Amino acid sequence: MRKVVDSSFAIVSNGFADGPAQALRDFLNLHRSPSVITIFHPLVPESDGGHEITRYERGELVHRRYVAAPFLPPYTYLLDPLIPMRIPPVDGWFGFNNMAAARGLAARRQSRTGKVAYWCVDFVPNRFGRSPATWLYDLLDRVCCRNVDARFELSTAALDGRNKRLRISPSQLAPAHVAPMGAWLRRTPTTPQDGYKSNEVVYLGHLVERQGVDLLLKAAALNKSMRLRIIGGGPEEQNLQMLARRLEITDRVVFEGFVQDHKEVERLLAGAAIGVAPYREDGESFTRFADPGKLKAYLAAALPILLTATPPNAHELAHRAGAEVLPQSEAAWSAAVDSLLTNPSEWQRRRSMALTAARDFDWEILLPRALAHLDFEVE
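Residues numbered from 1 in each chain as written. Predicted model: local features only at pLDDT ≥ 70, side-chain atom pairs only at ≥ 80, totals over all residues. Heavy atoms only, no water.

The next subject is the pairing of strand S12 (residues 253-257). Bridging between strand S11 (residues 227-231) and S12 involves four bridges; their strand directions are parallel. In the sheet register, Leu228 faces S12, and the bridge partner there is Val253. Chirality of the crossover, the property in question, places the unit of S11, helix H6 (residues 237-246) and S12 among those that are right-handed. (Pairing = 2+ DSSP bridges. Helix = DSSP H or I, 4+ residues; strand = E, 2+ residues; numbered from the N terminus. Right-handed = clockwise from strand over helix to strand, strands pointing away.)

Sheet architecture is open: eight strands sit in the order S5-S4-S3-S2-S6-S7-S8-S9, paired in mixed fashion. A single partner strand is all that each edge strand has here, and the edge strands are strand S5 (60-67) and strand S9 (176-178). With direction set aside, neighbouring strand axes in the sheet form an average angle of 15 degrees. This element, helix H4 (residues 156-166), spans strand S7 (115-119), strand S8 (150-153) and S9 of the sheet and lies at about 125 degrees to S8. (Axes fitted to C-alpha atoms, helices over the stretch in contact; angles between N-to-C directions. Contact = heavy atoms within 4.5 Å.)

With that settled, consider the environment of Glu52. Mapped onto the fold, Glu52 is located in strand S4 (residues 51-57). Between the C-alpha atoms of Glu52 and Arg65, which are 13 residues apart in sequence, the distance is 5.9 Å. In this view, Glu52 contacts Phe16, Thr38, Ile39, Phe40, Arg64, Arg65 and Tyr66; residues no more than four positions away in its chain are not counted.

Our focus in this paragraph is a nonpolar patch on the surface. Side chains of Leu79, Leu82 and Met85 sit close together on the surface and give an oily, nonpolar patch of about 310 Å² of accessible area. Mapped onto the elements of the fold, Leu79 is located in the loop between S5 and strand S6 (92-95). (Patch = residues over 30% accessible without salt bridge, like charges linked within 9 Å, V, L, I, M, F, W, Y side chains within 5 Å. Areas by Shrake-Rupley, 256 points an atom, 1.4 Å probe, with all protein chains shown as cover. Salt bridge = Lys/Arg side-chain N within 4 Å of Asp/Glu carboxyl O.)

A separate point is the pairing of S11. Counting buried positions along S11 gives four out of five residues, so the element sits mostly inside the fold. The pairing of strand S10 (residues 200-204) with S11 spans five bridges and is parallel. Across the sheet, the residue bridging to Val202 is Arg229, located in S11. (Buried < 20%, exposed > 50% of the residue type's maximum accessible area, 1.4 Å probe, protein only.)

A few words on the sheet that holds strand S14 (residues 305-307). Sheets are built from strands paired through backbone hydrogen bonds, the pairs being either parallel or antiparallel. Read from one edge of the open sheet, six strands run S12-S11-S10-S13-S14-S15, paired in parallel fashion. For this open sheet the edge positions go to S12 and strand S15 (324-325), each flanked by a neighbour on one side alone. Relative to S15, S14 runs parallel, the two sharing two bridges. Looking across to S15, one finds that Leu307 is bridged to Val325. Along the sheet, helix H5 (residues 213-222) contacts S10, S11, S12 and strand S13 (274-277); its crossing angle with S11, the most-contacted strand, is approximately 160 degrees.

Looking now at the pattern of salt bridges. Within this structure, the stated rule accounts for 24 salt bridges. Two residues, Arg162 and Asp141, come together in a salt bridge whose shortest N-O distance is 2.7 Å. Here the residue Arg162 occupies a position in helix H4, and Asp141 occupies one in helix H3 (residues 132-147), the gap between them amounting to 21 residues. Under the relative-accessibility criterion, Arg162 is labelled buried at 1%. A residue is classified by how much of its surface remains accessible, and Asp141, at 4% relative accessible area, is buried. We note a salt bridge from Asp214 to Arg280, for which the minimum N-O separation is 3.3 Å. Of this pair, Asp214 sits in helix H5 while Arg280 sits in the loop between S13 and helix H8 (293-300), placing them 66 residues apart in sequence.

The residue Asp80 is located in the loop between S5 and S6 in this model. It turns out Asp80 is buried and unbridged, and the closest side chain with the opposite charge, Arg103, is 8.7 Å from it. Contact partners of Asp80, with chain neighbours within four places excluded, come to Asn14, His41, His51, Met99 and Arg103. (Lys, Arg positive; Asp, Glu negative; His and termini not counted.)

Moving on, we get to the packing of H5 against H6. Where H5 meets H6, the closest approach of the two axes is 10 Å, and the angle between their N-to-C directions is 15 degrees. Here H6 runs roughly parallel to H5, going by the angle between their axes. Between H5 and H6 the crossing geometry is right-handed. Along its contact with H5, which presents Val213, Asp214, Leu217 and Lys218, the element H6 presents Leu240, Leu243 and Ala244. Looking at the contact of H5 with H6 residue by residue, the class counts come to five nonpolar, no polar and two charged. (Parallel < 35°, antiparallel > 145°, perpendicular 65-115°, else oblique. Left-handed = near helix turned anticlockwise from the far one by under 90°. Nonpolar A, V, L, I, M, F, W, Y, C, P; charged D, E, K, R; others polar.)

Bringing the side chain of Thr54 into the picture now. Among the secondary structure elements, Thr54 is positioned in strand S4. Among the polar contacts made by the side chain of Thr54, one reaches the side chain of Thr38 at a distance of 2.2 Å. (Polar contact = N/O pair within 3.5 Å; in protein donor to acceptor, adjacent residues only side chain to side chain.)

The next subject is unusual backbone geometry. With the exception of glycine, most residues fall at negative phi, and the peptide bonds are largely trans. Residue Pro84 is bonded to the preceding Ile83 through a cis peptide linkage, with omega at -10 degrees. Mapped onto the elements of the fold, Pro84 is located in the loop between S5 and S6. We note that Glu248 has phi near 60 degrees; this positive angle belongs to a residue other than glycine. Note that Glu248 resides in the loop between H6 and S12.

This part is about the packing of aromatic side chains. Following the criterion strictly, the structure yields seven aromatic pairs and no others. For the ring pair Phe9 and Phe94, a centre distance of 6.3 Å and an interplane angle of 40 degrees mean the geometry is tilted. Taken together, the residues Phe9 in strand S2 (residues 8-14) and Phe94 in strand S6 connect sequence positions 85 residues apart. You'll find Phe9 and Phe94 in the same group, each marked buried. Given a relative accessible area of 0%, Phe9 falls into the buried group. Ring-pair connections join several aromatic residues into one group, and the members of that group are Phe9, Phe94, Phe96, Trp119, Phe152 and Phe376. Here the basic side chain of Lys296 rests over the ring of Phe361, its NZ or CZ set 3.8 Å away from the ring centre. (Phe/Tyr/Trp six-rings, centres within 6.5 Å; stacked < 30°, edge-to-face > 60°. Lys NZ or Arg CZ within 6 Å of the ring centre and 35° of its normal.)

This is the structure:
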């Protein structure tokens, strides 16, 4: 086993929102790795197309570079392996998509890295629909899953789904492990014991149709005491703002937009009473394979959760964390919010369950386990 304090790492991912890549970066810096290089490529269409390259030494930022490039997803994703052209040698490489993992495999062939991990942050059965792009994506996925030293999936559903799609004997695949989304419990503020008094329902996430945020607005129109805070941006933001105006609830709805500082996100969550995830129940949605980060953020903030049955862990959260699984009905959501906020003892019971469940998802527990699968250990 190599010690993290004696090892250097590269982390390559798409997107700038908080997730496993950012958590791993913070963890390695916290444990004073001599060098941590991070490369974050743009992900969503509303991104400005920039690529951020940083280097940390013993937890201190020593270099940051921003590379502007054309961005027309999915075509310009092909530029990602070229930015930057060269990366210093490292002991461990974490690729959070298959192109990033494939670049790690190329570095390993050149003896420029030791261990390579493919950390999958989502699984979509037909990534780009029925097209040659999906065929090429699946081909690269097979190469990575065969040849990396370890691979990680966010959920058992994603692991099973990917293994089935790969159509490769498990004996020919790299060892795979489930590494769920986590949260920083030590630093995360929690909603107070009387947090229900805020009457605030909070949504965190990307504003796209499959997230079902319009259902929240319609529920707020029915529940006159409900306040709603929406944290996140996306292509549906303007439509949702227009809907709030039509429903005449703008005095009770706050659109925060995308909040880059996750500590500010944590502060906003701790000021709410209920965390919500009204995913549309779409059999084709990749959320049915996912482990949504918002749910772990809600748990860490000790928020009772309302959600639909779309995420694969919805019923587990109901059993272990006091979450409530609801149908896609604004009347049902309005009633569930009202029932919870007018029953302080029930709200406090579910708050306690959420906080207890969160302890199993502490990044300070999850990340050492993942590193150990690559023969790295924390002192």
